[in-house]
Amino acid sequence: MTATKTDAPVTPADAGKPAAAGGPVGPARSDRVSALVQQHGALAVLVVVSLVASFSFDSFATGDNVGNMATSSAFLAIVALGMTFVIITGGIDLSVGSLFALGGVLAAWGSRHGTLVALLLPLVVCGAIGVVNGLLVARSRLAPFIVTLAAMLGARGLMLALTDEGAETYLIGKGSFLAELGQGTTLGVGNPVWVTLALFVAGAVVLRRTRFGQHVYAVGGNEDAAALMGAPVARTKILVYTLSGVLAGLAGALNAAWLASGVTILGNGMELDAIAAVVIGGTLLTGGLGYVSGSLVGVLLLRVIQNVINQVGSLDSSYQQVVSGAFLAVVVIAQTWLGRRRQLL
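Conventions and cut-offs
- Residues numbered from 1 in each chain as written.
- Predicted model: local features only at pLDDT ≥ 70, side-chain atom pairs only at ≥ 80, totals over all residues.
- Heavy atoms only, no water.
- Helix = DSSP H or I, 4+ residues; strand = E, 2+ residues; numbered from the N terminus.
- Buried < 20%, exposed > 50% of the residue type's maximum accessible area, 1.4 Å probe, protein only.
- Contact = heavy atoms within 4.5 Å.
- Core = buried A, V, L, I, M, F, W, Y, C linked by side-chain atoms within 4.5 Å.
- Axes fitted to C-alpha atoms, helices over the stretch in contact; angles between N-to-C directions.
- Parallel < 35°, antiparallel > 145°, perpendicular 65-115°, else oblique.
- Nonpolar A, V, L, I, M, F, W, Y, C, P; charged D, E, K, R; others polar.
- Phe/Tyr/Trp six-rings, centres within 6.5 Å; stacked < 30°, edge-to-face > 60°.
- Salt bridge = Lys/Arg side-chain N within 4 Å of Asp/Glu carboxyl O.
- Left-handed = near helix turned anticlockwise from the far one by under 90°.
- Patch = residues over 30% accessible without salt bridge, like charges linked within 9 Å, V, L, I, M, F, W, Y side chains within 5 Å.
- Areas by Shrake-Rupley, 256 points an atom, 1.4 Å probe, with all protein chains shown as cover.
- Expected span 1.5 Å × (residues − 1).

> Got a minute to help me understand the overall build of the chain in this structure?
Broken down by element type, the chain carries 13 helices and 4 strands. The buried share of the chain, reckoned over its 345 residues, is 46%. Within the chain, contacts between residues at least 6 apart in sequence are counted, and of these 76% link residues at least 24 apart.

> Looking at this structure, I do not really get the nonpolar core. What am I missing?
Nonpolar side chains in soluble globular proteins tend to be buried together. Grouped together as the largest cluster of nonpolar side chains are 73 residues, with contacts concentrated most on Phe60, Val79, Met83, Leu99, Leu102, Leu207 and Ile275. Element by element, the count of residues in this core is highest for helix α2 (residues 63-88), at 13 residues. If you look at the next biggest cluster of nonpolar residues, it comprises 5 residues, including Val219, Ala226, Ala231 and Val233.

> How should I be thinking about the side chain of threonine 264 in this particular structure?
Tracing the backbone shows threonine 264 in the loop between α10 (233-259) and α11 (270-280). When its relative accessible area of 13% is taken as the criterion, threonine 264 is described as buried. Sequence-distant contacts of threonine 264, that is, excluding residues within four places in its chain, are made with Val105, Arg156, Met159, Thr163 and Gly166.

> I would appreciate a short explanation of the packing of α2 against α10 in the present structure.
Relative orientation and spacing of two packed helices are given, respectively, by the angle between their axes and the distance between those axes. Running from N to C, α2 and α10 cross one another at 175 degrees; their axes reach a closest spacing of 7 Å. Between α2 and α10, the crossing angle belongs to the class labelled roughly antiparallel. Touching Thr71, Ser72, Phe75, Ile78, Val79, Leu81, Gly82, Met83, Phe85 and Val86 of α2 are Val240, Tyr241, Leu243, Ser244, Leu247, Ala248, Ala251, Leu254, Asn255 and Trp258, all from α10. Among the residues forming the contact of α2 with α10, the class breakdown is 15 nonpolar, 5 polar and no charged.

> I'm lost on the packing of aromatic side chains in this one. Help?
Centre-to-centre distance and the angle between the planes together describe a pair of aromatic rings. Applying the stated rule across the entire model yields 2 aromatic pairs. Between phenylalanine 75 and tryptophan 258 the ring centres are 5.2 Å apart and the planes differ by 35 degrees, which places this aromatic pair in the tilted class. Taken together, the residues phenylalanine 75 in helix α2 and tryptophan 258 in helix α10 connect sequence positions 183 residues apart. Assessed through its relative accessible area of 3%, phenylalanine 75 is described here as buried. Between phenylalanine 85 and phenylalanine 212 the ring centres are 6.3 Å apart and the planes differ by 15 degrees, which places this aromatic pair in the stacked class.

> How do you make sense of the side chain of threonine 163 when you look at a structure like this?
With respect to the secondary-structure elements, threonine 163 resides in the loop between α5 (144-162) and α6 (177-183). Of the residues examined, threonine 163 reaches a relative accessible area of 0% and is grouped as buried. Apart from residues no more than four positions distant in its own chain, threonine 163 is found in contact with Val105, Glu168, Tyr170 and Thr264.

> Whenever I open this one, the pattern of salt bridges confuses me. Can you help?
One side chain can pair with another of opposite charge once the charged atoms of both are near each other. For the structure shown, the criterion picks out 2 salt bridges. The partner of arginine 141 in a salt bridge is glutamate 223, and the shortest N-O contact between them spans 3.7 Å. With arginine 141 in the loop between α4 (115-138) and α5 and glutamate 223 in helix α9 (residues 223-228), this residue pair connects regions lying 82 residues apart in the sequence. Taking the relative accessible area as the measure of exposure, arginine 141 reaches 65% and is therefore exposed. Residue glutamate 223 is joined to lysine 237 by a salt bridge in which the shortest nitrogen-to-oxygen separation is 2.9 Å. Here glutamate 223 is found in helix α9, whereas its partner lysine 237 is found in helix α10, with 14 residues between them in sequence. Taking the relative accessible area as the measure of exposure, lysine 237 reaches 12% and is therefore buried. Because the salt bridges share partners, they merge into one network encompassing Arg141, Glu223 and Lys237.

> Got a minute to help me understand the packing of α11 against helix α12 (residues 292-312) in this structure?
At their nearest, the axes of α11 and α12 sit 7 Å apart, and the two run at 120 degrees to each other. Put simply, α11 runs oblique to α12. Here α11 and α12 pass one another in a crossing that is right-handed. Residues Asp273, Ala276, Ala277, Val278 and Ile280 of α11 touch α12, and the partners they reach there are Gly294, Ser295, Gly298, Val299, Leu301 and Leu302. Of the residues in the contact of α11 with α12, the class split is 7 nonpolar, 3 polar and 1 charged.

> I would appreciate a short explanation of the environment of alanine 44 in the present structure.
Mapped onto the secondary structure, alanine 44 falls in helix α1 (residues 26-56). For the pair formed by alanine 44 and valine 297, sequence separation is 253 residues and the distance between their alpha carbons is 9.7 Å.

> Got a minute to help me understand a nonpolar patch on the surface in this structure?
On the surface, Leu43, Val47, Leu51 and Phe55 cluster together into a nonpolar patch covering about 430 Å² of accessible area. Relative to the helices and strands, valine 47 resides in helix α1.

> Help me out: how do you make sense of the environment of alanine 179 in this one?
Turning to its location among the elements, alanine 179 is positioned in helix α6. Of the residues examined, alanine 179 reaches a relative accessible area of 5% and is grouped as buried. Sequence separation between alanine 179 and alanine 260 is 81 residues, and the spatial gap between their C-alpha atoms is 6.5 Å. Those residues in contact with alanine 179 that sit more than four places away from it in its chain are Ile172, Gly173, Gly184 and Ala257.

> I tried to follow helix α7 (residues 191-209) on my own but got confused; where do I start?
Along an α-helix, a turn takes 3.6 residues, which lines up residues three or four apart on a common side. Helix length check: α7 (19 residues) gives 27 Å between terminal C-alpha atoms against 27 Å at 1.5 Å per residue, within 8%. Residues Asn191, Pro192, Val193, Thr196, Phe200, Gly203, Ala204 and Leu207 constitute the buried set of α7. Against α2, α6, β3 (185-186), β4 (189-190), α8 (211-221) and α12 lie the buried residues of α7.

Treat this as a map of the structure, not an account of what it does.
Okay, structure coming up:
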């Protein structure tokens, strides 16, 4: 399996072979167009929506508004990055919303014992829950939906136990490194945005350039074939669920640092937003094909839509869910149609 210039591998068996003299070029061109639409369609929509909003609302393209959108998108983007790896393998992780909330509470609680504890505690605890998810999915062959649903309930229960059913809110002291990490800026850009960009660059490199990334695509494409080729299927699944848990915990810790407290009501429905962003970005729910860059675009598109609805003012915030759901339905239908078309060509 080889890598293309994007995050996705080349899978056609005839890749690199010269076209037959006088052979038809239409199907090959259509295949390339379908692939471009699948990978960059969300980016095109994001550009169009942003341009229309910039001309329609004076405050949309201002530095403050763009900065707020970027920072608020960073936390969902980190969660979506982990979800991308999981979905490419053909799995799903419904626990990330609860792990996000748990990570924030653990970071705020741990800040009383120093910045190192505040950062490591959510990573270790949420990562451990991810390991359990991966073991149950890979070794026990349980359905990811059921396993991660149980983890979602368990993590939420643990978070409530730590906060006395949400009655106690742990605060992060001003002036600490953790608070600076969440609230500070570098070169005029919020620190959480820089952390997110660094993670996405690392994620793209892992998928494109490492053996682990090849295994992720192989497991999602055909698990049995991947096992016959010698790919460590079980280990790959365990690692992607562990990564998803760690990133959800990190996102929660950064969000707590941004808010200066571990808010217990956050994270509800975040797993659905992450899945929507990943799928809108071009990753197939059936696995085997996905793009780290597309997931980031999907997150930004959802945030821009939400901001546009807020700019309108006369629309209720619930319309954002309606529009997001409509986008998701259109994208899934388009992915299915493009996939069948590419198989026929």
